[in-house]
Amino acid sequence: MFLEPRTGEGSRGWIEVICGPMFSGKTEELLRRLRRAKIAQMKLAIFKPKIDQRYGQGKIVSHDANYFPSLEVAHSAQVLKQGAFAQLVAVDEAQFFDEGIVDVVEKLSLAGVRVIVTGLDMDYLGKPFGPMPQLMAIANYVTKIHAICVRCGQPGTHSYRLAQGDARVMIGQVEAYEARCRNCFSEGMVSRAAN
Ligand SMILES: [Zn+2]
């Protein structure tokens, strides 16, 4: 799908990325921005990958039960198709999208859409997660937020998996993870490898 780039003052889009580990408050930060956009009466379109069914379908929910309706889509092409008519497109849990999401986000921003992407920057091995590195690279604004390391109280940058298993997709099981700083994450991985 080709979108005609919009031209003229006040019509330019851009890309914002909110990233960090689990328990860092990415959803709260997204909701904060969405609430402001709603007050400004912007036309919103919110997308999630079909894989995430943590809090039931079709909502971006915060812990205080505020929510915005979202569309669960299986492929990034649907974000372009259905997001092209919005003024603000939010893509939640972007790490689980296919690589095509990078191109989609860029096309939307060229067409004048403000795009907000949230996602885990690193997986449970501490490696860059899915399309997140590319999205962070092309973004106009990157907000990297932190949790608190449950072991030492330093800023938590990593999502440490307590449960065994090696599927990257083990979400919906928040209790299977804890936030750790890089050192405590590394110590856990080393002692696990030794056992
Ligand atoms: Zn620590």
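Residues numbered from 1 in each chain as written. Predicted model: local features only at pLDDT ≥ 70, side-chain atom pairs only at ≥ 80, totals over all residues. Heavy atoms only, no water.

Caption draft 1: Molecular detail of the overall build of the protein chain. A count of helical and extended segments in the protein chain gives 5 helices and 12 strands. Evaluated residue by residue, the protein chain yields a buried proportion of 47% over its 195 residues. Of the roughly 10100 Å² of accessible surface on the protein chain, 53% is carried by carbon and sulfur atoms. (Helix = DSSP H or I, 4+ residues; strand = E, 2+ residues; numbered from the N terminus. Buried < 20%, exposed > 50% of the residue type's maximum accessible area, 1.4 Å probe, protein only. Areas by Shrake-Rupley, 256 points an atom, 1.4 Å probe, with all protein chains shown as cover.)

Caption draft 2: Seen up close, the coordination of the zinc ion. Distances from the zinc ion to its protein donors, Cys-149 (SG), Cys-152 (SG), Cys-181 (SG) and Cys-184 (SG), fall at 2.3 to 2.4 Å. Its 4 donor atoms give the zinc ion angles of 100 to 119° at the centre, a pattern that matches the tetrahedral case. Sequence spacing of the donors to the zinc ion: C-x2-C-x28-C-x2-C. Taken together, the residues span a long stretch of sequence, with Cys-149 in the loop between strand 9 (147-148) and strand 10 (155-156) and Cys-184 in helix 5 (residues 182-194) at a distance of 35 residues. (Donors = N, O, S within 2.8 Å, 3.2 Å for Na, K, Ca; no water. Tetrahedral: all angles 85-135°; square planar, octahedral: opposite > 155°, others 65-115°.)

Caption draft 3: Just the nonpolar core, in detail. Grouped together as the largest cluster of nonpolar side chains are 24 residues, with contacts concentrated most on Val-79, Val-89, Ile-101 and Leu-135. Broken down by element, this core gets its largest block of residues, 5 residues, from helix 3 (residues 100-110). In this view, Leu-135 contacts Val-17, Ala-94, Ile-101, Val-102, Val-105 and Val-117; residues no more than four positions away in its chain are not counted. (Core = buried A, V, L, I, M, F, W, Y, C linked by side-chain atoms within 4.5 Å. Contact = heavy atoms within 4.5 Å.)

Caption draft 4: The packing of helix 2 (residues 76-83) against helix 3, seen in detail. Two elements in contact, helix 2 and helix 3, have axes whose closest approach is 8 Å; the angle formed by their N-to-C orientations is 15°. The angle between helix 2 and helix 3 places the two elements in the roughly parallel class. The crossing of helix 2 and helix 3 is right-handed. Residue-level inspection shows Ser-76, Val-79, Leu-80 and Gly-83 of helix 2 in contact with helix 3, the latter providing Gly-100, Ile-101, Val-104, Lys-107 and Leu-108. Of the residues belonging to the contact of helix 2 with helix 3, the class tally is 5 nonpolar, 3 polar and 1 charged. (Axes fitted to C-alpha atoms, helices over the stretch in contact; angles between N-to-C directions. Parallel < 35°, antiparallel > 145°, perpendicular 65-115°, else oblique. Left-handed = near helix turned anticlockwise from the far one by under 90°. Nonpolar A, V, L, I, M, F, W, Y, C, P; charged D, E, K, R; others polar.)

Caption draft 5: Seen up close, the pattern of salt bridges. One pass over the full model with this rule turns up 7 salt bridges. Residues Glu-16 and Arg-33 are paired through a salt bridge, measuring 2.9 Å at the closest nitrogen-oxygen approach. Of this pair, Glu-16 sits in strand 1 (residues 14-20) while Arg-33 sits in helix 1 (residues 26-39), placing them 17 residues apart in sequence. The class of Glu-16 is buried, set by a relative accessible area of 5%. Here Arg-33 falls in the buried class, since its relative accessible area comes to 12%. (Salt bridge = Lys/Arg side-chain N within 4 Å of Asp/Glu carboxyl O.)

Caption draft 6: The environment of Gly-126, seen in detail. Position of Gly-126 relative to the elements: it lies in the loop between strand 7 (114-120) and helix 4 (132-138). Spatially, the C-alpha atom of Gly-126 lies 9.8 Å from that of Met-189, the residues being 63 residues apart in sequence. Among all residues touching Gly-126, those that are not within four sequence positions of it are His-158 and Phe-185.

Caption draft 7: Quick look at unusual backbone geometry. Despite not being glycine, Gln-41 has its phi angle at roughly 60°, a positive value. Mapped onto the elements of the fold, Gln-41 is located in the loop between helix 1 and strand 2 (44-49). Of note, Glu-93 is a non-glycine position whose phi angle comes to about 50°, a positive value. Here Glu-93 is to be found in the loop between strand 6 (88-91) and helix 3.

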